[in-house]
Amino acid sequence: MGHEGHEHDEHGAQGHEHAHGHAHMHEHGHGAPELARGAGAGHVLFLDAPSGLAGDMIIAALVDLGVPRKAIADALVGLPVTGYHLHFGTRVRSGVVATAFEVHVDEGQPARTYGSIRAMLEASALAPAIKTRALGTFR
C-alpha cells in the first residue's frame, strides 16, 4: 500500500496516516482510544529495554497506549524544523498488531550538534516541563 509515492508495506504495514511538516494530519484511527490530556498523571510507565530504546518505537508505543497522534505532531510545531512528514501506521508481525511511527525526510537537513539541538530546544515554544525533559534526554 503506497501513499503519495511512499511504499509502506515493506514491513507488513497496514493502514496509515501522515502529518506533513507542521500543517495537518490524516486520521485513520486504530488501536486504543485517545487519552484526555493529563490522563496519565500519577501513573508510571515502565519500559523494559535490555537492548536499548529507539525513539520511533517509544512514540509508537505511547500512541498504542492512547497518546493522541495530534499531540506528537503538535509538539513539533514549536521547533524550527521543516522538510519532513510523520507517518503513523499499523504493523503486523507474527500475529501481533502494533502502531508504527516513521519520520520521512522530504528535503536535506543540516548537521545538528548537541549544542545546536540544545539551543533549538531552549528557544522553542514547548511547555517548560516538556522542554526540561527534552533537554535532559539529549544531555
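Residues numbered from 1 in each chain as written. Predicted model: local features only at pLDDT ≥ 70, side-chain atom pairs only at ≥ 80, totals over all residues. Heavy atoms only, no water.

K.L.:
Residue-level account of the nonpolar core, with values.
P.N.:
One finds Ile72, Leu79, Leu86, Phe88, Phe101 and Leu121 to be the most contacted residues of the largest nonpolar core, which totals 16 residues. Where this core is concerned, the elements lending two or more residues are α1 (55-65), α2 (69-77), β5 (84-93), α3 (114-122) and α4 (128-138). (Core = buried A, V, L, I, M, F, W, Y, C linked by side-chain atoms within 4.5 Å. Buried < 20%, exposed > 50% of the residue type's maximum accessible area, 1.4 Å probe, protein only. Helix = DSSP H or I, 4+ residues; strand = E, 2+ residues; numbered from the N terminus.)

K.L.:
Got a sec to walk through the side chain of threonine 99? Specific residues and values, please.
P.N.:
With respect to the helices and strands, threonine 99 occurs in strand β6 (residues 96-105). Judged by its relative accessible area of 8%, threonine 99 is buried. At a separation of 2.4 Å, a polar atom in the side chain of threonine 99 contacts the side chain of aspartate 64. (Polar contact = N/O pair within 3.5 Å; in protein donor to acceptor, adjacent residues only side chain to side chain.)

K.L.:
Describe α3, with residues and values.
P.N.:
Along α3, the residues classified as buried are Ile117, Met120 and Leu121. The arc that holds every buried residue of α3, seen down its axis, measures 95 degrees, which confines them to one face. Residues of α3 that are buried sit in contact with α4. (Arc of directions from axis to C-beta. Contact = heavy atoms within 4.5 Å.)

K.L.:
Can you tell me about a nonpolar patch on the surface, naming the residues and giving the values?
P.N.:
Where nonpolar side chains cluster on the molecular surface, the patch consists of Leu45, Leu47, Leu53 and Leu65 and spans about 390 Å² of accessible area. Summarising the element assignment, leucine 53 is placed in the loop between β4 (24-25) and α1. The exposed category is assigned to leucine 53, whose relative accessible area is 54%. (Patch = residues over 30% accessible without salt bridge, like charges linked within 9 Å, V, L, I, M, F, W, Y side chains within 5 Å. Areas by Shrake-Rupley, 256 points an atom, 1.4 Å probe, with all protein chains shown as cover. Salt bridge = Lys/Arg side-chain N within 4 Å of Asp/Glu carboxyl O.)

K.L.:
Any chance you could break down the environment of leucine 47 for me, citing the residues and the numbers?
P.N.:
Note that leucine 47 resides in the loop between β4 and α1. In sequence terms leucine 47 and isoleucine 58 are 11 residues apart; their C-alpha atoms lie 8.9 Å from each other.

K.L.:
Describe the confidence of the model for the chain, with residues and values.
P.N.:
In this model, the chain carries a mean pLDDT of 78, and residues with pLDDT of at least 70 account for 78%. In the model, residues 1-29 has pLDDT below 50 throughout and makes 75 contacts with residues more than four positions away in sequence or in other chains. (pLDDT = per-residue confidence, 0-100.)

K.L.:
Residue-level account of the pairing of β6, with values.
P.N.:
With 10 bridges connecting them, β5 and β6 associate as antiparallel partners. Counted as the bridge partner of arginine 93 is valine 96 from β6. Following β5, the chain reverses through 2 residues before pairing antiparallel with β6; serine 94 in that reversal takes a positive phi of roughly 50 degrees. (Pairing = 2+ DSSP bridges.)

K.L.:
Quick rundown of the packing of aromatic side chains? Include the residues and the values.
P.N.:
Scanning the entire structure with this criterion turns up 1 aromatic pair. Taken together, a centroid distance of 5.0 Å and an interplanar angle of 45 degrees make the contact between phenylalanine 88 and phenylalanine 101 tilted. Taken as a pair, phenylalanine 88 in strand β5 and phenylalanine 101 in strand β6 lie far apart in primary sequence, 13 residues in all. For phenylalanine 88, a relative accessible area of 0% gives the class buried. (Phe/Tyr/Trp six-rings, centres within 6.5 Å; stacked < 30°, edge-to-face > 60°.)

K.L.:
Describe in detail the pattern of salt bridges, supporting the description with residues and values.
P.N.:
Throughout the structure, instances matching the rule amount to 3 salt bridges. The shortest N-O distance in the salt bridge between glutamate 102 and arginine 91 comes to 2.5 Å. Of the two residues, glutamate 102 sits in strand β6 while arginine 91 sits in strand β5, which places them 11 residues apart along the sequence.

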